[in-house]
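Secondary and tertiary structure notes
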Amino acid sequence: MKVLAIIVSIFLYVQAFQESQFLEEWNEFQMKYGKSYRSPHEARKRFVIFNDNMRNISAHNVLFERGESTYKKGINQFTDWTETEFMQFLEQGSPKALPKNSGKVFKKTEGIELPESIDWREKGAVRKVKNQGDCGSCWSFSTTGALEGQFSIVKNEDVSFSEQNLIDCNSVNLGCGGGWPVDALAFVQENGIEKEEDYPYEQKDDQCRSDPSKVVKISGYEEIPEGDEAALTEMVATKGPVSICLYASSNFRSYASGILKEPSCLQDTFNHAVLIVGYGSENGEDYYIVKNSWGRSYGEGGYVKLARNYNNMCGLASRAVIPVV
């Protein structure tokens, strides 16, 4: 009985020590991310969730330090959310009907030699990282990112386009309820899009108030054959930043750095849209450089490296499109 009592005492001591340690990080977390809760009960509930997530992060990072994982986890704005809440956040931005490929099909070039790596940020073709907030509008940020890239590369114009314009006026998509970048590009081809400075982001659905005198249009868009990663890599290398849809698993929530690999990620279900801005290799692992729309505090300054040449991980090569300006 004495031995059991000692073991229990040690366990309680370690648990109390961890909670004390997490309490300091909890206070810093609330200040950094401007967290406030409706009641002391809600605050306590969030602290318990935060503790659970911190233990998961710590356990995963042990694997990372041992070389058993290719990416590291860390604290961000989602650390006081449950896994269910995070997946529901993604689901609100995922439309139900999958559009058919409707644009020009991108054809690979026979025998082309691509650079080993490319980063369009270094070439000035990528604008600042933005934050969609609680609105399920990732599709609009993925779309504007691809547009900004092409206007920079093809027309030498540094412009930031309006996500809110797409949210309010593109009736085929569902605003904060989700959408597809390919449908957004079809809208821009037909109706045009305003600059962000003329039509700023509101983080909510609103009435369309687009000014036809301020919009710019595109001539079309190109899509890669579904699931063709080689075509995706060539498109990124030769054309510029590419809009993609994928399945963001729960591990996306705590990503901090490294190369995110998901061996069992879904390939035919999509809940998030992002922007591929380059690719490379690190310690024998190929990756894409992906711009997210969850602010600069997420991942590597707002970016995540996703495994490349890894069997179309999470369906990242299944719905890839780029505008033609």
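Residues numbered from 1 in each chain as written. Predicted model: local features only at pLDDT ≥ 70, side-chain atom pairs only at ≥ 80, totals over all residues. Heavy atoms only, no water.

Moving on, we come to the pattern of salt bridges. Counted according to the given criterion, the structure contains 19 salt bridges. In this structure, Glu-163 engages Lys-130 in a salt bridge whose closest nitrogen and oxygen atoms are separated by 2.8 Å. With a gap of 33 residues between them, Glu-163 in helix H5 (residues 163-169) and Lys-130 in the loop between strand S3 (118-119) and helix H4 (138-155) connect regions that are remote in the sequence. Judged by relative accessible area, which is 1%, Glu-163 ranks as buried. According to the relative accessible area criterion, Lys-130 is buried, its value standing at 9%. (Salt bridge = Lys/Arg side-chain N within 4 Å of Asp/Glu carboxyl O. Helix = DSSP H or I, 4+ residues; strand = E, 2+ residues; numbered from the N terminus. Buried < 20%, exposed > 50% of the residue type's maximum accessible area, 1.4 Å probe, protein only.)

Within helix H3 (residues 83-91), burial applies to Phe-86, Met-87, Phe-89 and Leu-90. Here the buried residues of H3 occupy an arc of 150 degrees about the axis, which is enough to place them on one side. Away from the buried face of H3 by more than 90 degrees, exposed residues Thr-84 and Gln-88 are located. (Arc of directions from axis to C-beta.)

A word on the packing of aromatic side chains. Applying the stated criterion across every chain, the model contains 20 aromatic pairs. Plain terms: the ring middles of Phe-86 and Trp-294 are 5.7 Å apart, the flat faces sit at 80 degrees to each other, and that makes the pair edge-to-face. In this pair, Phe-86 sits in helix H3 while Trp-294 sits in the loop between strand S8 (285-291) and strand S9 (303-307), placing the two residues 208 residues apart along the sequence. With a relative accessible area of 1%, Trp-294 lands in the buried category. Here a set of aromatic residues connected by ring pairs shows up, and it is made of Tyr-71, Phe-78, Trp-81, Phe-86, Phe-89, Tyr-255, Trp-294 and Tyr-298. If you follow Lys-123 out to its NZ or CZ, it ends over the ring of Trp-120, 5.9 Å from the centre. Above the ring of Tyr-287, the side-chain terminus of Lys-305 is found at 4.9 Å from the ring centroid. (Phe/Tyr/Trp six-rings, centres within 6.5 Å; stacked < 30°, edge-to-face > 60°. Lys NZ or Arg CZ within 6 Å of the ring centre and 35° of its normal.)

Next up on the list: the UniProt feature "domain: Peptidase C1A papain C-terminal" (unreviewed entry) in the chain. UniProt's feature table lists "domain: Peptidase C1A papain C-terminal" (unreviewed entry) at residues 114-324, given in the numbering used throughout. Between the first and last C-alpha atoms of residues 114-324 the distance is 21 Å; the span itself is 22% helix and 22% strand. (UniProt positions renumbered as here; feature names shortened; annotations may be inferred.)

Moving on to the pairing of strand S10 (residues 319-324). Counting buried positions along S10 yields five of six residues, so the element is predominantly enclosed. One ladder, built from four bridges, connects strand S4 (residues 220-223) with S10; its direction is antiparallel. Within the sheet, the bridge partner assigned to Glu-222 lies in S10 and is Ile-322. (Pairing = 2+ DSSP bridges.)

Moving on, we get to H4. End to end, H4 covers 25 Å across 18 residues, agreeing with the expected 26 Å (1.5 Å per residue, within 8%). Counting buried positions along H4 yields 15 of 18 residues, so the element is predominantly enclosed. Remark: Asn-156 follows H4 within two positions and exhibits a positive phi of approximately 60 degrees. (Expected span 1.5 Å × (residues − 1).)

All right, on to the side chain of His-272 then. Locating His-272 in the fold gives a position in strand S7 (residues 272-282). Since its relative accessible area comes to 4%, His-272 is described here as buried. For His-272, the side chain forms a polar contact with the side chain of Asn-292, separated by 2.8 Å. Other than its neighbours up to four places away in sequence, His-272 contacts Leu-90, Gln-132, Cys-138, Ile-244, Cys-245, Leu-246, Ala-248, Asn-292, Ser-293 and Trp-294. (Polar contact = N/O pair within 3.5 Å; in protein donor to acceptor, adjacent residues only side chain to side chain. Contact = heavy atoms within 4.5 Å.)

Okay, unusual backbone geometry next. Positive phi, normally seen in glycine, also occurs at Asn-156, with a value near 60 degrees. One can find Asn-156 in the loop between H4 and H5. According to the relative accessible area criterion, Asn-156 is exposed, its value standing at 68%. Unlike most non-glycine residues, Cys-314 shows phi in positive territory, near 60 degrees. In this structure, Cys-314 sits in the loop between S9 and S10.

Attention now moves to the environment of Trp-294. Sequence separation between Trp-294 and Asn-131 is 163 residues; the distance between their C-alpha atoms is 4.5 Å. Once you skip the residues sitting within four places of it in the chain, Trp-294 turns out to touch Gln-77, Phe-78, Phe-86, Phe-89, Leu-90, Lys-130, Asn-131, Gln-132, Phe-252 and His-272. Side chain to side chain, Trp-294 and Gln-132 meet in a polar contact 3.4 Å long.

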